[in-house]
Amino acid sequence: MLGNFSYCNPTKLYFGDDSLRFLSEELHKYGPNVVLIYGGGSIKKNGIYEEVTRILQESGKNVEEIAGVMPNPTLAKLYEGIEIARSHHADLLLAVGGGSVCDYAKAVSVSVNCEEDPWEKYYLRFEEPACETLPVGCVLTMVGTGSEMNAGAVITNQETEQKIGHVFADERIMPKFAILNPRYTLTLPRYQMVSGIYDIFNHICEQYFSGEDDNVSDYISEGLMRAVLHASRIANRDPQDYEARSNLMWTASWALNTLVSRGKSTDWMVHMIGQSVGAYTNATHGMTLAAVSLPYYRHILPYGLQKFKRFAVNVWDVDPSGKTDEQVAEEGLNAMEVWMRELGLVMKISELGATEDMLEGIADGTIILSGGYKALDHSEIAEILKESM
């Protein structure tokens, strides 16, 4: 294992079907003014809103709400939330929902006391907050992003058609606590469930496909990927299987809480391309990743051949006997494609609303990173997008 690194994750997790009872214990650690943040209203239909607001009332909190946080939170919505949190003199931001709601809460957290425009400071210049930030707590209702246990926040600027994520370097941006009740995920539509499953899997891939040293992180990643494959097949057959859904929820947190990135350079180009697709189409995040993954991985396979071979053997149980390294690696990606189609993932960006006339803009909006096996140029991104159509 090469390189030098630090590791700190201060988020306290409460896991299980009785985990919400710990919310009152956490609320007592913060001041009286709480901003409750949630999405389109599903938490009111399934009873979670009523449970959470009852606990807030019993804890004596003065509550203001930011409702209607969309699956791809916009800059305009961020500005709205900043003003609400400021006027309420918020002591705690409580996000109840999926990864987008958690992302949004963290974006509000770093912006409330910031005198500069948050888009310019955090999403164009990628600076760290110099101001006081607000604590964030999460009650998770959808799994996939791992946002409940990391410092990432993705925001979409609709005017410039840019969707950009900032993973803040300071662990104080991570949620102070997160409540993970797998039963809250059982009411999700299948489309959202499988989208989240692929988001989990790709988070691991993004960190796995980098480096060639004998790295502990890669062994952990392979175990997590196999866990996703096993649980996803059960959940796809029976979405009400609590054990499978609980395993997916737990894996999602460990897929992106920075553990498996230690000692790695990490790739993240699937996310960069997928997020640019999302900026143009407003498509579900996990599906944008699914639609561009295989064209991207087949493109970079020759540059990371040994890791793709290892992926095929250790994750997909490909028998390497009598085969070239290239054949083994390609067989692994073919097995991955079979699994993706089995789940019912979207495999083409055209099915997400992307059109030929968007491709140049999507390519222009793709941030190019160099941590993977090949730093792409603009023409390669354009070619991958064409393959993804």
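Placed above this text is the structure.
Residues numbered from 1 in each chain as written. Predicted model: local features only at pLDDT ≥ 70, side-chain atom pairs only at ≥ 80, totals over all residues. Heavy atoms only, no water.

K.L.:
For the sheet that holds strand β8 (residues 177-180), give the residues involved together with the corresponding values.
P.N.:
As summarised here, the arrangement of the 6 strands in space is β1-β8-β5-β4-β2-β3, forming an open sheet in which the pairing is parallel. Lying at the two open borders of the sheet, with one neighbouring strand each, are β1 (12-15) and β3 (62-66). Sheet twist, expressed as the mean angle between neighbouring strand axes with direction ignored, is 20°. One ladder, built from 5 bridges, connects strand β2 (residues 33-38) with strand β4 (residues 92-97); its direction is parallel. Across the sheet, Val35 pairs through a bridge with Leu93, a residue of β4. The strands touched by helix α3 (residues 48-58) within the sheet are β2, β3 and β4, with β2 carrying the most contacts at an inclination of about 175°. Seen against the sheet, helix α9 (residues 242-255) touches β1, β5 (136-140) and β8 and runs at an angle of roughly 175° to β1. (Pairing = 2+ DSSP bridges. Helix = DSSP H or I, 4+ residues; strand = E, 2+ residues; numbered from the N terminus. Axes fitted to C-alpha atoms, helices over the stretch in contact; angles between N-to-C directions. Contact = heavy atoms within 4.5 Å.)

K.L.:
With reference to specific residues and values, describe unusual backbone geometry.
P.N.:
The backbone of Glu161 sits at a positive phi, close to 55°, despite the residue not being glycine. Tracing the backbone shows Glu161 in the loop between β6 (152-157) and β7 (162-167). Look at Thr258: it is not a glycine, yet its phi comes out positive at around 80°. The residue Thr258 is located in the loop between α9 and α10 (269-281) in this model.

K.L.:
Lay out a nonpolar patch on the surface in plain terms, naming residues and giving numbers.
P.N.:
On the surface, Met1, Phe5, Tyr7, Val216 and Ile220 cluster together into a nonpolar patch covering about 450 Å² of accessible area. Note that Ile220 resides in helix α8 (residues 216-237). Of the residues examined, Ile220 reaches a relative accessible area of 33% and is grouped as partly exposed. (Patch = residues over 30% accessible without salt bridge, like charges linked within 9 Å, V, L, I, M, F, W, Y side chains within 5 Å. Areas by Shrake-Rupley, 256 points an atom, 1.4 Å probe, with all protein chains shown as cover. Salt bridge = Lys/Arg side-chain N within 4 Å of Asp/Glu carboxyl O. Buried < 20%, exposed > 50% of the residue type's maximum accessible area, 1.4 Å probe, protein only.)

K.L.:
How would you sum up the packing of aromatic side chains? Please name residues and give values.
P.N.:
Under the defined criterion, the tally for this structure stands at 20 aromatic pairs. Measuring from centroid to centroid gives 5.4 Å for Phe15 and Trp250, while their planes differ by 70°, and the two rings are edge-to-face. Residue Phe15 is located in strand β1, and its partner Trp250 is located in helix α9; the two are separated by 235 residues in the primary sequence. Owing to a relative accessible area of 37%, Phe15 belongs among the partly exposed residues under this scheme. (Phe/Tyr/Trp six-rings, centres within 6.5 Å; stacked < 30°, edge-to-face > 60°.)

K.L.:
Which residues make up the pattern of salt bridges, and what values do they have?
P.N.:
Tallied over the entire structure, the rule returns 21 salt bridges. A salt bridge links Glu26 to Lys29, with the shortest nitrogen-to-oxygen separation between them at 3.0 Å. The exposure class of Glu26 is buried, given its relative accessible area of 2%. The salt bridge partner of Arg341 is Glu337, with a shortest N-O separation of 3.1 Å.

K.L.:
Residues and numbers for the layout of surface pockets, please.
P.N.:
In this approach the atoms are scanned with a rolling probe the size of a water molecule, which exposes any empty space left behind. Considered as a void within the structure, the second largest pocket measures approximately 210 Å³ in volume. Lining the second largest pocket are 13 residues, with Ala291, Leu294, Pro295, Arg298 and Glu387 positioned closest to its centre. Considering each element in turn, the lining of the second largest pocket owes the most residues, 6 residues, to helix α11 (residues 285-300). (1 Å grid on protein atoms, 1.4 Å probe; cavity = no way out; pocket = protein on both sides within 12 Å on 5 of 7 lines; lining within 4 Å. Points joined across faces, edges and corners; volume = space filled by probe spheres on them.)

K.L.:
With reference to specific residues and values, describe the packing of helix α7 (residues 190-208) against α9.
P.N.:
Their axes nearest at 9 Å, the elements α7 and α9 cross at an angle of 35°. Pair α7 / α9 crosses with left-handed handedness. Residues Met193, Ile197, Ile200, His203, Ile204 and Gln207 of α7 form the contact with α9, whose own contacting residues are Arg245, Leu248, Thr251, Ala252 and Ala255. Residue classes in the contact of α7 with α9 are distributed as 7 nonpolar, 3 polar and 1 charged. (Left-handed = near helix turned anticlockwise from the far one by under 90°. Nonpolar A, V, L, I, M, F, W, Y, C, P; charged D, E, K, R; others polar.)

K.L.:
I'd like to hear about α3, residue by residue, with values.
P.N.:
For α3, the set of buried residues is Ile48, Tyr49, Val52, Thr53, Ile55 and Leu56. Down the axis of α3, the buried side of the element spans an arc of 155°, and every buried residue falls inside it. In α3, those exposed residues whose orientation departs by more than 90 degrees from the buried face are Glu50, Gln57 and Glu58. On its buried face, α3 sits against α1 (23-27), β2, α2 (42-45), β3 and β4. Following α3 by one or two positions, Gly60 has its phi on the positive side, about 75°. (Arc of directions from axis to C-beta.)

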